[in-house]
Amino acid sequence: MKKFFINKKLKLHTIICLAFITYICFYALMFFCSWFNSKEPSVRKASNAYFDNISFKQSYIDIYGFTQKTLGKRQIEKFTIFKNEYGKLVSPRAEISEQIIEQKLDEMMPIFQLLTEDNSSTKYIYLTSLLPIPNKEELPIGVDDATRENAEKLMRQLKNREINVLDIRGAKQIKAIPEEKRFYRSDHHWSNESAFATYQTIIEYLNENSILEEKLTVYTDSDFEEIRQENTFLGSYGVKVGEYYGGKDDFIFYAPTFDTNFEFYAYDAKGNLTKEKSGDWETALMDQEILQDPEYKNKYYAFLNTSSIESRIINKTAENQMKCLVISHSYGRPLCQYLALNFAEVRNLDPQEGRFQGNYLTYIEDYDPDYVIIFTEYEGEIIGNFKTSDQQEA
Amino acid sequence: MVFSSLIFVFGLFPVCIIVGFFTRNKVKLQNIFLLLISFVFYSWGEPKYIYLFLFTIISNWTLVYLSSFAKKKWIKKFIGIAAISVDILILFWFKYSGWIFAELNKLFGLSLHVPATILPIGISFYTFQAISYVADVTLMGKYPAVKDPVKVGLYIAFFPQLIAGPIVRYEDLATKLESRRMSWEEFSQGTLRFLYGFCKKILLADSVAVITDKAFILLEANELSMCFAWLGAIAFTLQIFLDFSAYSDMAIGLGHMFGFTIRENFNLPYKAKTVRDFWRRWHMSLSFWFRDYVYIPLGGNRIGQRRAYFNLAVVWLLTGMWHGANWTFIIWGSIYGLLVILERYFGLETWLEEGSRFKASAYRLFTMLAVVLLWVVFRAENIWQALRYIACMFSMENFSTGLALTILYLSEYKWALVLGLLISIHPELSQEKKKLVNNIGWPALMILFIVSVSYLVKGTFSPFLYFNF
């Protein structure tokens, strides 16, 4: 061994040199990896960033969808979204226990109690949701869905608590819309037709039951021009499989043909003003950039100028001085736009998790609306966070 | 890093091809490049274990090289045993120490410190390759020690087979490490093979994996029915073959692209006539490794029947343990060992050859049944889960709801299941016969490749099953 080290000095140096160079190389490698993962020590995140920025991503998703269609597959996203019998993408829902429904209603009860106090001049209504899967038979064999059961359970509890419910599922305006047109095929949202029919249902309900001091004008189809962008809308489900799987939807809205003048203000969670617009109904309330951008596929965001935590619409040509508060998830955006035609001011609060974080009770007391529409039900479930600060502490 | 990731396909892979092309006539330079690329490939998933990996390469090369200066055989062997011991100790520490101490605490109520080790990716594969090199040079004297550390480094670290095999021998790569030519024909064959494996993994293995995962989710929710349990077990039988053989296809294909020849790892395992036959066809590089470095050194069948059975038992116990530190793997390996010993004891293969076709078919069916049931043990997280799963396979509970769900999954994954089955049993469709790829050709494979990429873009992260070992 000694002989080796004496005679092979060069080799020993080579080994040391190699070890040193290797060490330097690996140090550089480690540096590269650390730099690459600097934001979060996860290679997967770095890879995901790479995936997100890959060129032609949407084209690949279209190919994926086309393949799924060719293979005759009716499920996407690992059995969470299915094609129903008439080609709409739907997400079956698991059964919810009575306890969970009770808990959610308990959270909301202080709001209902405030609105039903004897000295309160504010009237309210709780709006049910439309169900995109009314019949299980629409789904492939083996797919279970509890949307209808959940909705029925919720309705029972609402009645037990004597909450003022307007069930739009039974409304004649809704029934007049063919089932396959009540929702977008490629999106989880209801269609413009459903939103408009619900708007008409609400106004007729208010007038028929003399809930407000003044009668409201019921606008009909003849007061609007249908604006249709054919084959432009690919919604939240559709973007997962591209346009060849389930096709695109037409994006439609009804623009008033009479003169209008609106102001629109949007606020973030901290109450800071984030957007301000004015003009006629379409200019002030519809996001024109989204409407005109041929690449932007989720056109639903055009309603109420994309998604805001709090939106305020002021109708400068209103027939009255009444104020309406709509506490609703994203379904409420087109609804608010149509309701704005009948009120001097409509405000919309989004109760979804992580959105409006203020106290609904103090907000209602401060704002003192004439009418409150609570539209927090989504496919038979209540979504959103309604805990008051006391409840949160508890 | 995995082959079935966009970062590899559109990042590292093109770099390899371009640099590989420009260095095609400079083998030494290409070796250095491939070694560095292999380190990048390895360190992508878990950078901190690159030091351990580097230590394994350097320690094995250094000790074997030093042993070449020993004049006495026993010194050479001593150094070899020392090198192998270091390898086994590292493997033991990272793979088994935590589990063994935890089990000791559980069984004997002790409170031994349980080391919180994380299994370095591919440790079982590269350690076995390193041991193979050390044993061949120092203990068996098959060839002299390699002076060039880059060659040994590249042999152990060569990225195509680094993480999930096949386990290659130094002698397989020795001449190619010295001199090789990247021919267009070999390159195109390699690319086709890589593409074939890529598509097989993404389109078939990952698809049937959804069924297996669902079966185990249902098991945990006590909702697993008999029919879905069988579907899940069959799906896993296909998944593990498609997944692992796809990795081997990609490894062999990449090897070809750089002028290396990597041994085949599968030969239609689900066409096996007996359990012994199955293991002559499944993960062949591992079976041969255990045969050459454990079974034969223990005496093989040269010392007598009893000793041969004992040797077989040792080999199968080690085979089970090699797959992981869990009772499921030990029992899985032990049952295979028992079946192999019984088949040998009763001279089953001779009996079947002499018997009728009915006997052969019946035993083939039994073999497949054993394989399917043992894959359930292999897939389960613990023995209790495996037993519950197998119980569900023979129980009538939740039958009607289970049947509807089974129909749903069958209808959604019918193509993946049928194609997977055909590929696993049909010689014309199997890559081992090298016909499918040549027959369907470039255009079809490119279309399948684009479809596979679309699956990846869709966001399915698909690690290979054998990464865990």
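Residues numbered from 1 in each chain as written. Chains lettered and ligands numbered in written order. Predicted model: local features only at pLDDT ≥ 70, side-chain atom pairs only at ≥ 80, totals over all residues. Heavy atoms only, no water.

Trainee: It is not clear to me how helix α6 (residues 147-160) of chain A should be interpreted in this structure. Could you clarify?
Mentor: Residues three or four positions apart in an α-helix share a direction because the helix packs 3.6 residues into each turn. Residues and elements named next belong to chain A. Taking 1.5 Å of rise per residue, the 14 residues of α6 would be expected to cover 20 Å, and the 20 Å separating its terminal C-alpha atoms lies within 8% of that figure. Listed as buried for α6 are Thr-147, Asn-150, Ala-151, Lys-153, Leu-154, Met-155, Gln-157 and Leu-158. Check the buried side of α6 and you find it contacts α5 (98-115), β4 (123-127), β5 (165-166), β14 (377-378) and β15 (381-382). Where α6 ends, the next residue or the one after it, Glu-162, has phi of about 55°, a positive value. (Helix = DSSP H or I, 4+ residues; strand = E, 2+ residues; numbered from the N terminus. Expected span 1.5 Å × (residues − 1). Buried < 20%, exposed > 50% of the residue type's maximum accessible area, 1.4 Å probe, protein only. Contact = heavy atoms within 4.5 Å.)

Trainee: Just checking my understanding: could you explain helix α13 (residues 305-323) of chain B for this structure?
Mentor: Residue and element names in this part refer to chain B. Over its 19 residues, α13 runs 27 Å from end to end, which matches the ideal 27 Å to within 8%, given 1.5 Å per residue. Residues of α13 that are buried include every one of Ala-308, Tyr-309, Asn-311, Leu-312, Val-315, Trp-316, Thr-319, Gly-320, Trp-322 and His-323, and no others. Of the residues flanking the end of α13, it is Gly-324, one or two places downstream, whose phi is positive at about 160°.

Trainee: Would you mind going over the packing of helix α3 (residues 50-67) of chain B against helix α4 (residues 73-108) of chain B with me for this structure?
Mentor: Describing two packed helices takes the angle between their axes plus the distance from one axis to the other. All names here are of chain B. Contact geometry of α3 with α4 gives a least axis separation of 8 Å together with a crossing angle of 170°. When the axes of α3 and α4 are compared, the pair comes out roughly antiparallel. Contacts between α3 and α4 involve Leu-52, Phe-55, Thr-56, Asn-60, Leu-63, Leu-66 and Ser-67 from the former and Lys-76, Ile-79, Ala-83, Val-86, Asp-87, Ile-90 and Phe-94 from the latter. Residues belonging to the contact of α3 with α4 are distributed by class as follows: nine nonpolar, three polar and two charged. (Axes fitted to C-alpha atoms, helices over the stretch in contact; angles between N-to-C directions. Parallel < 35°, antiparallel > 145°, perpendicular 65-115°, else oblique. Nonpolar A, V, L, I, M, F, W, Y, C, P; charged D, E, K, R; others polar.)

Trainee: Hey, could you run me through unusual backbone geometry in this one?
Mentor: Note: most peptide bonds trans; most residues except glycine with negative phi. Its identity is not glycine, yet Asp-368 of chain A carries a phi of approximately 50°, on the positive side. Residue class for Asp-368 of chain A comes out partly exposed when judged on its relative accessible area of 42%. Not every positive phi belongs to a glycine, and Leu-268 of chain B is a case in point at roughly 45°. Mapped onto the secondary structure, Leu-268 of chain B falls in the loop between α10 (226-257) and α11 (275-281). A relative accessible area of 5% places Leu-268 of chain B in the buried class.

Trainee: Help me understand a nonpolar patch on the surface in this model?
Mentor: All names here are of chain B. Residues Leu-107, Phe-108, Leu-110, Leu-112, Trp-327, Ile-331 and Ile-335 make up a contiguous nonpolar surface patch of about 650 Å² in total accessible area. Breaking the nonpolar patch down by element, the ones donating at least two residues are α4 and α14 (327-345). As for its placement among the helices and strands, Leu-112 is situated in the loop between α4 and α5 (123-139). Its relative accessible area of 36% is what places Leu-112 among the partly exposed residues. (Patch = residues over 30% accessible without salt bridge, like charges linked within 9 Å, V, L, I, M, F, W, Y side chains within 5 Å. Areas by Shrake-Rupley, 256 points an atom, 1.4 Å probe, with all protein chains shown as cover. Salt bridge = Lys/Arg side-chain N within 4 Å of Asp/Glu carboxyl O.)

The analysis is restricted to geometry; functional conclusions fall outside its scope.
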